[in-house]
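# Structural overview
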Amino acid sequence: MPPLPSRWQGVCQDGENFNSSSCNRKLIGARFYSKGHRANYPTNPPASSSSLLEYMSPRDAHGHGTHTASTAAGTTVNGASVFGLGTGVAQGMAPGAHVAVYKVCWFNGCYSSDILAGMDDAIQDGVGILSLSLGGFPIPLFEDSIAIGSFRATERGVAVICAAGNNGPVPSSVANEAPWVTTVGASTMDRRFPMFLRLGNGRILYGESMYPGNRYSKNGGKKALELVHESGGSKGAEYCLKGSLSRARVAGKMVVCDRGINGRAEKGEAVKEAGGAAMVLANAEINLQEDSVDVHVLPATMIGFKESTELKKYINSTRRPVGQLVYGGTTVGRARAPAVALFSSRGPSMTNPSVLKPDVIAPGVNIIAAWPDNLGPTSLPDDLRRSNFTVLSGTSMACPHVSGITALVRSAHPSWSPAAVRSAIMTTADVVDHYGKPIMDGRDRAGLFAIGAGHVNPTKAMDPGLVYDIEPNDYITHLCTLGYSHLEIFTIAHRNTNCNETLHRNNNFSLNYPSISIAFKQNSTRVMIQRKLTNVGTPNSTYAAQVVAPRGVKVSVTPAVLTFKEETESKSFQVRFKSTKRMAVQGSATGEGYLIWKDTSKGKYRVRSPISVSWTS
């Protein structure tokens, strides 16, 4: 690793099981924040409560921080795997980046005071990028500690990348909606971990698992076992809650556990404690075909809702149903990917629908990354296995992919603002999978509220041609257009703002966002927005506008051709939208399209902006 950056002012804070000498040229800073946590939980968890292990120090006791940090900037490790599964080269997005960690979350949650203190210190320390795999639900920006802290960061040139949340596919569930942060949803990869279930009637059901194959045959994996599904009881046995299963009924058998209430890996532990030999984790209707895998403590597989329905029908059709797990190892390249993760939170933004969120999607399902040595790969207290890597799923895993890519882009273009970097990532994002077909969301083509601008493409983001840049003051003007009060803006930005004067100075203001989101309100059929593009590609280049208009909307761009003589030159344009009354009468709520600025001089660049249109009464 190269020497520490000259601007770096951070420290390595001593604490429980963590010495300042643990820092080096890779881990250059480490702090922890516990005042909010302490105010709500004055004492450490009792020593007997191993499930609440905690270190009063920067050291990670739960694995989430280790996993996300290594995804963003972990160095290269050859032969990485989880007990032989997923074997390959492990490497973060930006393996050459320095890392500073700010521990703000504890076993009882993340408190706003701790989050803000950590963000403020990170800004003062001199970080270039803040990666926050935090936040769950949409709340107004003036009540959102992450939005408030990230505005301070953005003002000082620090890029902030946030997870979109795991409350999908519910509409308007997207979190971290502030227009000054990059909001990341989750996608799947083409790597699979098949573990088939062969039924006694000859049918084979597809499932997935990361129960290690090298331990598989030792634990009843090769023989058929009687299937049992403890449904209809009052103790939650169908969900395999801890202590709910009857040893007399499940010992030596393959137990079917319904998704819900407790964690997936916890269900396997409950089956093992009751003497069960194997487990089938059955998706409920709400889970559909979602396939987040776990490193289970016993032979197990997870099946989709369609397969769950067939399995239960089979169990009820015969006196002695049996099943056999068939280990499939690791497969790569066969499945369509990327696709939208079912759990990834969706737009439109609840608090700010004038900005399309999420911004992009990135890999967030079955991500293998580094893991601390005080934990088993399931995080369960009684899991005594140890692995340097484990698998996790969530937008928490997607976020650091984009954080690392942001580091790469900023390294190549150190003068670019956070908004310019985000624009480069958004306007170059992919909207097709590796088969060249549209990215899917379940059985349907993915919409903009699921993928934003598309799936991040790091190579293209390094050289986008044009960018949509935004100054911090523009965000204040944007808040004024949303009707935010003086006090609400002061809470976010810590500055006094007269919105009447601001809007008077900025007539017909439009936030220069890389995506376009407009609303036709009642009796409104025309909307005009403005945008400005800055050339970061080659001099003497010409771009022509290409539009695919949302259904029922006419779109015109003026001027339709932009010529840039010099690098860093900026040109403005207007986009006019005209709605047809017919669409409003039919009650269509939303429409989608896109605007592309195509490089006509050399054909190298395609600067793509998604267009989202809504009709409101």
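What counts, and at which threshold
- Residues numbered from 1 in each chain as written.
- Predicted model: local features only at pLDDT ≥ 70, side-chain atom pairs only at ≥ 80, totals over all residues.
- Heavy atoms only, no water.
- 1 Å grid on protein atoms, 1.4 Å probe; cavity = no way out; pocket = protein on both sides within 12 Å on 5 of 7 lines; lining within 4 Å.
- Points joined across faces, edges and corners; volume = space filled by probe spheres on them.
- Helix = DSSP H or I, 4+ residues; strand = E, 2+ residues; numbered from the N terminus.
- Nonpolar A, V, L, I, M, F, W, Y, C, P; charged D, E, K, R; others polar.
- Pairing = 2+ DSSP bridges.
- Axes fitted to C-alpha atoms, helices over the stretch in contact; angles between N-to-C directions.
- Parallel < 35°, antiparallel > 145°, perpendicular 65-115°, else oblique.
- Contact = heavy atoms within 4.5 Å.
- Core = buried A, V, L, I, M, F, W, Y, C linked by side-chain atoms within 4.5 Å.
- Buried < 20%, exposed > 50% of the residue type's maximum accessible area, 1.4 Å probe, protein only.
- Domains from an automatic or database assignment.
- UniProt positions renumbered as here; feature names shortened; annotations may be inferred.
- Phe/Tyr/Trp six-rings, centres within 6.5 Å; stacked < 30°, edge-to-face > 60°.

Attention now moves to empty space enclosed by the protein. The full count for this structure, using the stated rule, is two cavities of 30 Å³ or more. In this structure, the largest cavity encloses a volume near 80 Å³. In this structure, the largest cavity is lined by 14 residues; those nearest its centre are Ala159, Val160, Thr182, Pro418 and Arg422. Contributing elements (two or more residues each) for the lining of the largest cavity: strand S8 (159–163), helix H8 (395–412) and helix H9 (418–427). Here the lining of the largest cavity takes five residues from H9, the largest share from any one element. Its residues assigned to classes, the lining of the largest cavity shows eleven nonpolar, two polar and one charged. Estimated volume of the second largest cavity: approximately 40 Å³. Around the second largest cavity, the lining residues are Met189, Arg191, Arg192, Phe193, Val365 and Asn366. Taken together, the residues that form the lining of the second largest cavity break down as three nonpolar, one polar and two charged.

The strand order across the open sheet built from four strands is S25-S27-S31-S29, with neighbouring strands paired in antiparallel fashion. Bordering the open sheet on either side are strand S25 (466–467) and strand S29 (553–558), each of which pairs with just one other strand. The pairing of strand S27 (residues 526–535) with strand S31 (residues 570–579) spans nine bridges and is antiparallel. Within S31, the residue paired with methionine 528 across the bridge is arginine 576.

Another point: the packing of helix H3 (residues 112–125) against helix H4 (residues 145–155). At a minimum axis distance of 9 Å, the contact between H3 and H4 shows a crossing angle of 10 degrees. In terms of axis orientation, H3 runs roughly parallel to H4. Where H3 approaches H4, its residues Ser112, Ile115, Leu116, Met119, Asp120 and Ile123 are matched on the opposing element by Ser145, Ile146, Ile148, Gly149, Ser150, Arg152 and Ala153. Among the residues forming the contact of H3 with H4, the class breakdown is seven nonpolar, four polar and two charged.

The subject of this paragraph is the nonpolar core. In terms of nonpolar packing, the biggest core is built from 65 residues, with Leu130 and Trp180 touching the most fellow members. Per-element accounting of this core gives the leading share, six residues, to H9. Looking at which domains feed residues into this core, each of domain 1 (27–37 + 57–185 + 338–431 + 439–461) and domain 3 (465–470 + 511–615) supplies at least three. With residues near it in sequence (within four places) discarded, tryptophan 180 still touches Leu141, Ala147, Ser150, Phe151, Thr154, Arg422, Tyr475, Leu479 and Ile492.

Turning our eyes to something else, we now look at the environment of alanine 461. You can see alanine 461 is positioned in helix H11 (residues 458–461). Through-space distance from the C-alpha of alanine 461 to that of serine 6 is 27 Å; in sequence the pair is 455 residues apart. Among all residues touching alanine 461, those that are not within four sequence positions of it are Val409, Ala424, Ile425 and Thr428.

Within the UniProt annotation, "domain: PA" (unreviewed entry) is assigned to residues 236–310. What you have in residues 236–310 is 27% helix and 19% strand, and the ends, taken at the C-alpha atoms, are 22 Å apart.

Counting across every chain of the model gives nine aromatic pairs. Between phenylalanine 142 and tyrosine 484, the ring centres sit 5.8 Å apart and the planes meet at 80 degrees, which makes this aromatic pair edge-to-face. In this pair, phenylalanine 142 is assigned in the loop between strand S7 (129–132) and H4 and tyrosine 484 in the loop between helix H12 (472–481) and helix H13 (486–493), connecting sequence segments 342 residues apart. In this structure phenylalanine 142 comes out as partly exposed when scored by relative accessible area, which is 23%.

The next point concerns the sheet that holds strand S9 (residues 182–187). Overall, parallel pairing links the four strands, which are arranged S7-S8-S9-S20 in an open sheet. This sheet does not close on itself; its edge strands, each paired only once, are S7 and strand S20 (360–363). Each neighbouring strand pair of the sheet contributes to a mean axis angle of 30 degrees, computed without reference to strand direction. Across three bridges, the pairing between S8 and S9 is parallel. Across the sheet, residue isoleucine 161 finds its bridge partner in S9, namely threonine 182.

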